[in-house]
Amino acid sequence: MPPTVREVFVERGSRLRGYRAIEGLEGPVATLAEKAREVSHLLGSRRVWMINSTRSGGGVAEMLPRMCALMNELGVDTRWLVLEPDDPAFFRVTKGLHNLLHGEPGLDDVEEARKIFDRISQAAAWHLREHVVSGDVLAVHDPQPVGVAACLMPEHRPTLLWRCHIGLPYHNESTRRGWDFLRPYLVPFRRMVFSAESYIPDEYLPRRAVLHPGIDPLSHKNRELRPYKLVGILRSVGLLEGPPVPAWAEFKARAQRWAAGRWEATPIPGLLHRPALVQVSRFDRLKGFQYLIPGFAQMVRAGPERAQHLRVDTSRARSELAQVQLVLAGPDPSGVLDDPEGASVLEELTGQQSALPPEIGARVHLVRLPMEDLKQNALTVNALQRVAAAVLQNSIKEGFGLTVSEALWKGTPVVAANVGGIKVQVRHRRDGLLVDDPSDPAALAEAMVQVLAYPKDAELMACCGRARVREHFLVIAQLTKWMDELRSLLQAPAEPPAPSASAEVPPAA
Ligand code: UDP
């Protein structure tokens, strides 16, 4: 199959009533609806298109279907496209680029990488034309599809907006190489929307806007789960002992846990009655899983001694520290097509887990969550974030980190790295605990002790964090800013068309 661009069906729903019913959202929903009316009027018969490079796995794929559904409900005709390259080399290139933009090494052979990127972008641009016409608005998410949009000939080109979800608040040799790679493709973009002001290279400041992502409180990922449902989900996916609950028996696949040196569909012992520290993320080195294992081991070893020096009932704290487990879960790497490094990261983690002394290893659970059924996956993540004593997000670099808002919205305390977009969401000791150096096991061990030994403080912080998420990081606030962006794009006079990065290429006969 040649590289292509495929439209993904977006569920139509009527959710506005549901958002209005959430405390504090009635006013924001009314403002959003008013702005959307204006955008819909300006748009007329034209459309807004969103394009990214995977339909499952990661924050962008999480947000797009929700955003599209809601924009449609608000009267702004919005469709979702996914770039499907025909060659795994494309995602190796874009993962290298992703690492560069996060300040890490990547793309050893830039010339070869550009050849691959251009070849696939040009061929896919041909297919993009089957969907998008000039006059539409095309919002391109992250670097993977920028080439496809930039290769459209000026006469076929819609108004282009780039939504960059990644970035670093400083620049180094790697980020400079990353931006050098991207520069030619960014020429025709009228607007560039970043998750933080500090991520924006100076040359793009005049075209920039800043917008925070948001989570959907009504999605399967975040909706309320009564205890019987939560138990049903965890049993049906195989993470909790006991038979599947009949009402949930339609779950298609079981989670796999690394146990005794192999992957098995086997439950996490005591998931509901022992405290668990849980991180749910893609298996990516930048998510910092690799430091949580030694951090946890250090906490377990030092636990009884450390408990003596706490300002609390030491026997309760000691029992908590003696019981706690670490759950490191993420999507089965085969289900995240645009991240080719997941399998090797997971292999490194299984190596680390297997090397632990058995009594500690028995409390560290690596879990692969099935991705075949996205509703099932979302409900499982929801349930895990709810059963956690605390959710961890130990990212080394983080554009935003949706999992943090997801946990806080559920009232679950958060321990996270003091980096990137996480700092935007969490104020240290007000909304959660931030660890300055996510690669320091001793600092991680101490933060784990704090969140377990002082549960009342942790709950208060989570409560404060939930209020902050309600105000700033829900889909309603996010879409309101999108409407501002779309309005200013649609109102601005058209500029003379910028040249294409290179031409669309018809598929080989
Ligand atoms: N996620 C998921 N299934 C999983 C693991 C993670 O749906 O098995 C979701 C997670 O709940 C969050 C998103 O993937 O919504 C990750 O977004 P984030 O911004 O934290 O990181 P990214 O993957 O975009 O770097």
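Each value, and the rule that gives it
Residues numbered from 1 in each chain as written. Predicted model: local features only at pLDDT ≥ 70, side-chain atom pairs only at ≥ 80, totals over all residues. Heavy atoms only, no water. Buried < 20%, exposed > 50% of the residue type's maximum accessible area, 1.4 Å probe, protein only. Helix = DSSP H or I, 4+ residues; strand = E, 2+ residues; numbered from the N terminus. Pairing = 2+ DSSP bridges. Salt bridge = Lys/Arg side-chain N within 4 Å of Asp/Glu carboxyl O. Domains from an automatic or database assignment. Contact = heavy atoms within 4.5 Å. Buried area = accessible area lost by both parts, 1.4 Å probe. Polar contact = N/O pair within 3.5 Å; in protein donor to acceptor, adjacent residues only side chain to side chain. Nonpolar A, V, L, I, M, F, W, Y, C, P; charged D, E, K, R; others polar. Near = heavy atom within 4 Å. Areas by Shrake-Rupley, 256 points an atom, 1.4 Å probe, with all protein chains shown as cover. Axes fitted to C-alpha atoms, helices over the stretch in contact; angles between N-to-C directions.

### Quick word on the pairing of strand 3 (residues 78-84)
Right, so step 1: With six of its seven residues buried, strand 3 lies for the most part within the structure.
Right, so step 2: Two strands pair when backbone bridges link them, and strand 1 (residues 4-8) and strand 3 are joined in this way by five bridges, in the antiparallel orientation. Looking at the pairing, R6 lines up with V82 of strand 3.
Right, so step 3: Two strands pair when backbone bridges link them, and strand 2 (residues 48-52) and strand 3 are joined in this way by five bridges, in the parallel orientation.

### Notes on the pattern of salt bridges
Right, so step 1: Evaluated as defined, the whole model comprises 34 salt bridges.
Right, so step 2: A salt bridge links E203 to R183; its shortest N-O distance comes to 2.9 Å. Placement of E203 in the loop between strand 6 (191-194) and strand 7 (208-210) and of R183 in helix 7 (residues 173-186) is noted, with a sequence separation of 20 residues between them.
Right, so step 3: With a relative accessible area of 40%, E203 lands in the partly exposed category.
Right, so step 4: On the accessibility criterion, R183 (32% relative accessible area) is partly exposed.
Right, so step 5: Salt bridges linked by common partners bring E7, R47, D77 and R79 together as one network.

### With respect to the domain arrangement of the protein
Right, so step 1: Domain boundaries in the protein define domain 1 (4-214 + 474-491) and domain 2 (227-471).
Right, so step 2: One C-alpha centre belongs to domain 1, the other to domain 2, and the line joining them spans 29 Å.
Right, so step 3: Domain 1 puts 33 residues into the contact, and the matching count from domain 2 is 25 residues.
Right, so step 4: Roughly 2200 Å² is buried in total at the junction of domain 1 and domain 2, and carbon and sulfur atoms are behind 61% of that figure.
Right, so step 5: Together, S56, K95 and L474 form the three largest contributors to the area buried by domain 1 at its contact with domain 2, with a combined 24%.
Right, so step 6: Applying the counting criterion to the domain 1 and domain 2 interface returns three salt bridges.
Right, so step 7: Connecting domain 1 to domain 2 are 12 residue pairs in polar contact (both at pLDDT 80 or more).
Right, so step 8: Counting residues per element, the ones that place at least two in the side of domain 1 that touches domain 2 are helix 3 (59-73) and helix 4 (88-101).
Right, so step 9: Its residues placed into classes, the side of domain 1 that touches domain 2 shows 11 nonpolar, 16 polar and six charged.

### Some thoughts on the site of the ligand
Right, so step 1: Taken together, 16 residues sit near the ligand, with G59, R282, K287, N377 and E406 positioned nearest.
Right, so step 2: The separation between an oxygen atom of the ligand and a polar side-chain atom of K221 is 2.9 Å.
Right, so step 3: Here an oxygen atom of the ligand sits 3.2 Å away from a polar atom, N or O, in the main chain of P331.
Right, so step 4: Notes on the ligand: free accessible area 540 Å², of which the protein chains cover 91%.
Right, so step 5: Elements that contribute at least two residues to the shell around the ligand include exactly helix 3, strand 11 (325-331), helix 13 (374-387) and helix 14 (402-409).
Right, so step 6: Residue contributions to the shell around the ligand peak at three residues, all from helix 14.
Right, so step 7: In terms of residue class, the shell around the ligand is built from five nonpolar, six polar and five charged.
Right, so step 8: When residues are assigned to domains, the shell around the ligand turns out to be shared by domain 1 (4-214 + 474-491) and domain 2 (227-471), each giving three or more.

### Some points on the sheet that holds strand 14 (residues 414-417)
Right, so step 1: An order of 9-8-12-11-10-13-14-15 is seen for the eight strands of this open sheet, with the pairing classed as mixed. Strands at the two margins of the open sheet, each flanked by one partner only, are strand 9 (262-264) and strand 15 (433-435). Averaged over all adjacent pairs, the angle separating strand axes in this sheet is 25 degrees, with direction ignored.
Right, so step 2: By the bridge criterion, three bridges tie strand 8 (residues 256-259) to strand 9 in an arrangement that is antiparallel. Along strand 9, the bridge assignment pairs R257 with E264.
Right, so step 3: Contacting strand 8, strand 9 and strand 12 (364-369), helix 11 (residues 342-354) runs over the sheet at an angle of about 155 degrees to strand 12.

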